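# Summary of structural features
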Amino acid sequence: MLFSLPLFLAPALVAAHGAVTSYEIGGKTYEGYQGFSPVAGAQIIQRQWPDYNPIMTVTDPKMTCNGGTSAPLAAEVAAGENVTAIWKQWTHQQGPVTVYLYSCDGEFTACDGKGKKWFKIDEMGLWGDVLNSNNWGTALVYKDLKWSSRIPKTLKPGNYLIRHELLALHQANTPQFYPECAQIKVTGSGSAVPSGSYLTSIPAYAAQSDPGIMVDIYMGSATSYKVPGPQVWTG
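Quantities reported herein were computed from a predicted structural model and do not represent experimental measurements. (Residues numbered from 1 in each chain as written. Predicted model: local features only at pLDDT ≥ 70, side-chain atom pairs only at ≥ 80, totals over all residues. Heavy atoms only, no water.)

## Looking at the sheet that holds strand S4 (residues 82-87)
Ordered by their spatial adjacency, four strands build an open sheet running S2-S1-S4-S7, and the pairing between neighbours is antiparallel. Each edge of the sheet is formed by a strand with only one pairing partner; in this case those strands are strand S2 (28-31) and strand S7 (146-150). For this sheet, the mean inter-axis angle between neighbouring strands, taken without regard to orientation, is 20°. Note: strand S1 (residues 20-25) against S4, five bridges, orientation antiparallel. In the strand pairing of S4, Tyr23 is matched with Ala85. Helix-sheet contacts for helix H2 (residues 137-144) involve S4 and S7, and the interaxial angle to S7 is about 120°. (Pairing = 2+ DSSP bridges. Helix = DSSP H or I, 4+ residues; strand = E, 2+ residues; numbered from the N terminus. Axes fitted to C-alpha atoms, helices over the stretch in contact; angles between N-to-C directions. Contact = heavy atoms within 4.5 Å.)

Dropping the structure here:
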């Protein structure tokens with residue numbers, strides 16, 4: 001049966017996604033961006049995103065940081081400690097969570113996230129063998145509205161972007177990407193840096209046709225799932 005949604009429901013559906021809106025680092029809360037219109041001069045560590053509507057292709061330029069390009073502040077975090085991202089809302093329970101870092105190799109004002117310098121430090125996809133289930137990383141975000149990831153203990157100190165991505169797979173063969181970035185200053189005595197196959201560019205850390213991106217969790221025959229992108233680098 002075909003039907004039309006009442007117009008008064010449309011804004012609610014458009015807004016029913018989610019984005020990282022704050023961070024907990026070293027026992028301190030860092031407020032992020034809260035709304036759809038960037039705030040001039042906002043004193044935050046997060047790179048302001050224009051909206052939290054889904055990005056539909058892995059090659060979209062907004063994939064880097066959801067359109068965010070700068071922030072005036074950065075949070076200090078010791079290598080080996082956790083960064084916790086917090087969402088005010090999240091509505092989808094099928095899909096993976098991934099967390100990436102990008103070495104700025106200098107000041108944040110010149111750190112554009114370009115080039116093959118992103119590396120993955122955390123991920124959670126599917127557990128079990130039933131894709132049409134709530135046994136996904138994003139289901140944990142739905143439940144807790146937060147995600148904690150450990151900065152590799154041996155990582156070389158410096159300025160980094162940290163990027164959290166939720167990939168929603170609840171619509172067959174219609175992936176929806178939700179990434180946000182923040183600026184962190186990693187401290188410590190480590191010297192390790194990833195290389196080779198651990199590094200990727202964003203956008204385009206995988207092909208749109210990747211079986212971890214183009215998925216039908218309802219009618220497909222798959223009984224396992226591989227999170228797209230490079231392997232996790234642990235230091």
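## Some words on the state of the cysteines
One pass over the full model with this rule turns up two disulfides. Two residues, Cys65 and Cys181, share a disulfide whose sulfurs are 2.1 Å apart. Between Cys65 and Cys181, the S-S torsion sits near -85°, and that sign places the bridge as left-handed. Note that Cys65 is positioned in the loop between S2 and strand S3 (75-78) and Cys181 in strand S9 (residues 176-187), a separation of 116 residues in sequence. Both residues of the pair, Cys65 and Cys181, belong to the buried class. Across the disulfide from Cys104 sits Cys111; the S-S distance is 2.1 Å. Looking along the S-S bond of the Cys104-Cys111 disulfide, the torsion reads about -75°, which is the left-handed sense. Classification of Cys104 by relative accessible area gives buried; the value is 8%. Note on Cys111: relative accessible area 3%, which makes it buried. (Disulfide = S-S within 2.5 Å. Buried < 20%, exposed > 50% of the residue type's maximum accessible area, 1.4 Å probe, protein only.)

## Describing the pattern of salt bridges
Using the criterion set out here, one finds five salt bridges in the structure. Asp105 is paired through a salt bridge with Lys117; the nearest N and O atoms lie 3.0 Å apart. Linking Asp105 in the loop between strand S5 (97-103) and strand S6 (118-124) with Lys117 in the loop between S5 and S6, this pair joins segments that are 12 residues apart in sequence. Here Lys117 falls in the partly exposed class, since its relative accessible area comes to 27%. (Salt bridge = Lys/Arg side-chain N within 4 Å of Asp/Glu carboxyl O.)

## Some details on the nonpolar core
The biggest cluster of nonpolar side chains holds 31 residues, and the ones touching the most others in it are Tyr23, Ile25, Leu101, Ile151 and Ile184. Not counting residues within four places of it along the chain, the set of residues in contact with Ile151 comprises Val77, Ala78, Ala79, Gly80, Glu81, Val83, Leu101, Ile121, Ile162, Ile184 and Val186. With 26 residues, the next largest nonpolar core counts Ile55, Cys111, Leu131 and Val215 among its residues. (Core = buried A, V, L, I, M, F, W, Y, C linked by side-chain atoms within 4.5 Å.)

## A few points about the sheet that holds S9
Ordered in space as S3-S9-S8-S5-S6-S10, the six strands form an open sheet in which the pairing is mixed. Among the strands making up the open sheet, the edge pair consists of S3 and strand S10 (199-200). Two strands pair when backbone bridges link them, and S5 and strand S8 (residues 158-168) are joined in this way by seven bridges, in the antiparallel orientation. Residue pairing for S8: Tyr102 is matched across the bridge by Leu161.

This is a description of form; function is not addressed.
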